[in-house]
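# Geometric and topological summary
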Amino acid sequence: MTGITANEYRKSALRAGIHDGIPIGLGYFAVSFALGIAARGAGLNAFQSFLASLLCNASAGEYAAFTLIAADATYIELALMTLVANARYLLMSCALSQRAAGVNLPHRMLIGFDVTDELFAVTIARPGKLEPFYFYGAMLMALPGWSVGTALGNIAGNLLPARLTSALGVALYGMFLAVIIPPAKKDKILAGLVVFCFAASYALSRLPIVSAIPEGTRILILTVVIASAAALLFPRRDEEATA
């Protein structure tokens, strides 16, 4: 930060976050159309769908919530299912907190409000300590894309062809691949771990007993096991991680 003021540094970080958040917001906007259709099926109107996505920016959690709403479930069942489906974000938040030295509690709470797979990926891939204003810039693009897309999907209802809705559902995965492939190209160990994660996730989704476990819980278990094993087998010094 030598040669520039703190305000200039924050503005620069905010602009960088907005730049990196644009493709995430566009991806969220496309994918959330299908979520809006699910919300409509659960009896929610466009505003309610918008508000749900604004306050809960999580595809698996919202799909689970809309399914339970359609089934006339209780508030307790709704809260527990949303917690289980989004449990992996606890791990992501813990990982971000390791690089949040000097970040005060209000900033941590604002960041914790919108930790998603893609926002976590672009933030953790950024070298150095966690910069709140970079995260805010990315969030400013991602959150409106998700919530507005959900509302428009609700309005569109069943007007969209089934094939188009299915195609929109693939967009988010393609965007996430674009986030993880560049760093994997530079690190053979990381690339191997990514491939192993894909293979293990597919295997667990097919095994008779394990496949019955909710997807969010399976991801949580895989994350803990594989990350712990990688940390033990391929340890890195702090200066290497920072580099």
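### Observations regarding a nonpolar patch on the surface
Among the surface-exposed residues, Ile22, Leu26, Leu140 and Met141 lie close enough to one another that they form a single nonpolar patch of about 360 Å² accessible area. Listed by contribution, the elements that provide at least two residues to the nonpolar patch are helix H1 (6-41) and helix H8 (132-156). Within the fold, Met141 resides in helix H8.

### Some thoughts on helix H5 (residues 88-97)
Of the positions making up H5, those classed as buried are Arg88, Tyr89, Met92 and Leu96. Along the axis of H5, the buried residues cluster in a sector spanning 95°; they form a single face.

### A closer look at the environment of Ile155
Of note, Ile155 is situated in helix H8. It is 9.7 Å that separates the C-alpha atoms of Ile155 and Phe47, two residues lying 108 residues apart in sequence. Excluding residues within four positions of it along the chain, Ile155 makes contact with Arg40 and Ala46.

### A few points about the packing of H1 against H8
In the contact formed by H1 and H8, the axes pass within 5 Å of each other and the chain directions differ by 20°. Relative to H8, the element H1 lies roughly parallel. The two elements H1 and H8 cross, and the hand of that crossing is right-handed.

### A look at the packing of helix H2 (residues 46-55) against H8
Pairs of packed helices are described in terms of their axes, by the angle between the two and the distance that separates them. Look at H2 against H8: their axes get within 8 Å of each other, and the N-to-C directions meet at 155°. For the element pair H2 / H8, the angle class is roughly antiparallel. In this structure, H2 meets H8 at a crossing whose hand is right-handed. Residues Ala46, Ser49, Phe50, Ser53 and Leu54 of H2 form the contact with H8, whose participating residues are Leu143, Trp146, Ser147, Val148, Thr150, Ala151, Asn154 and Ile155. When grouped by side-chain class, the residues that make up the contact of H2 with H8 number eight nonpolar, five polar and no charged.

### A closer look at the confidence of the model for the protein chain
Residues at a pLDDT of 70 or more form 86% of the protein chain, whose mean pLDDT is 82. Per-element confidence in the protein chain is highest for H2, whose mean pLDDT is 93, and lowest for helix H12 (residues 238-242), whose mean pLDDT is 48. Residue range residues 239-243 is modelled with pLDDT below 50. Its contacts to residues more than four positions away, or to other chains, number two contacts.

Calculation criteria
Residues numbered from 1 in each chain as written. Predicted model: local features only at pLDDT ≥ 70, side-chain atom pairs only at ≥ 80, totals over all residues. Heavy atoms only, no water. Patch = residues over 30% accessible without salt bridge, like charges linked within 9 Å, V, L, I, M, F, W, Y side chains within 5 Å. Areas by Shrake-Rupley, 256 points an atom, 1.4 Å probe, with all protein chains shown as cover. Salt bridge = Lys/Arg side-chain N within 4 Å of Asp/Glu carboxyl O. Helix = DSSP H or I, 4+ residues; strand = E, 2+ residues; numbered from the N terminus. Buried < 20%, exposed > 50% of the residue type's maximum accessible area, 1.4 Å probe, protein only. Arc of directions from axis to C-beta. Contact = heavy atoms within 4.5 Å. Axes fitted to C-alpha atoms, helices over the stretch in contact; angles between N-to-C directions. Parallel < 35°, antiparallel > 145°, perpendicular 65-115°, else oblique. Left-handed = near helix turned anticlockwise from the far one by under 90°. Nonpolar A, V, L, I, M, F, W, Y, C, P; charged D, E, K, R; others polar. pLDDT = per-residue confidence, 0-100.

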